[in-house]
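Each chain is listed here by its residues.
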Amino acid sequence: LLTCFDLFAGCRGLSQGLRQAGFSVLFANEVEDTYASSLKENHPDTEVLVDDIRNLDPRLLRSSLMLKNV
């Protein structure tokens, strides 16, 4: 199974295309509440962070998604 992140996600365009291409979108980040709400509604299996990407801590994200350190 192919997995990915969707950064600067908007309301869902890339996530939807990736899902249709066979990817599992594990995580998405969007700063705008309205777009993030649409993303959460349309992709309930994706963890969505509504915040400025500069506040994203990669170590905490890896831990919360139970990803291996590479």
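Our subject is the structure listed above.
The structure presented is a predicted model; accordingly, all values stated were derived computationally and were not measured. (Residues numbered from 1 in each chain as written. Predicted model: local features only at pLDDT ≥ 70, side-chain atom pairs only at ≥ 80, totals over all residues. Heavy atoms only, no water.)

Of the regular secondary structure elements, the protein holds three helices and three strands. Ordered by position from the N terminus, the helices and strands of the protein form the series β-α-β-α-β-α. Based on the C-alpha atoms only, the size of the protein along its principal axes is roughly 30 × 30 × 15 Å. Looking at the protein as a whole, 27% of its 70 residues qualify as buried. Long-range contacts, defined here as pairs at least 24 residues apart, represent 28% of the contacts in the protein between residues at least 6 apart. When the 7 positive and 10 negative side-chain charges of the protein are each reduced to one mean point, those points stand 8 Å apart. (Helix = DSSP H or I, 4+ residues; strand = E, 2+ residues; numbered from the N terminus. Buried < 20%, exposed > 50% of the residue type's maximum accessible area, 1.4 Å probe, protein only. Contact = heavy atoms within 4.5 Å. Lys, Arg positive; Asp, Glu negative; His and termini not counted. Charge placed at Lys NZ, Arg CZ, Asp CG, Glu CD.)

Here we come to unusual backbone geometry. Despite not being glycine, Phe 8 has its phi angle at roughly 55°, a positive value. Locating Phe 8 in the fold gives a position in the loop between β1 (2–6) and α1 (13–20). Under the relative-accessibility criterion, Phe 8 is labelled exposed at 64%. One non-glycine residue with positive phi stands out, namely Met 66, at about 55°. Within the secondary structure, Met 66 sits in the segment after α3 (58–64).

If you check which residues of α1 are buried, you get Ser 15, Gln 16 and Leu 18. Taken down its axis, α1 places every buried residue within 165° of arc, on the same side. Looking at α1, the residues exposed on the side facing more than 90 degrees away from the buried face are Gly 13, Leu 14 and Gln 20. On the buried face of α1, the contacting elements are β1, β2 (23–30) and α2 (33–42). Looking one or two residues past α1, Gly 22 carries a phi angle of roughly 100°, positive in sign. (Arc of directions from axis to C-beta.)

Tracing the chain through its elements places Thr 46 in the loop between α2 and β3 (47–50). Once you skip the residues sitting within four places of it in the chain, Thr 46 turns out to touch Val 25, Leu 26, Phe 27 and Ala 28.

Before going further, it helps to spend a moment on the environment of Glu 32. With respect to the element layout, Glu 32 can be found in the loop between β2 and α2. Sequence-wise, Glu 32 and Cys 11 are 21 residues apart; in three dimensions their C-alpha atoms are separated by 9.0 Å.

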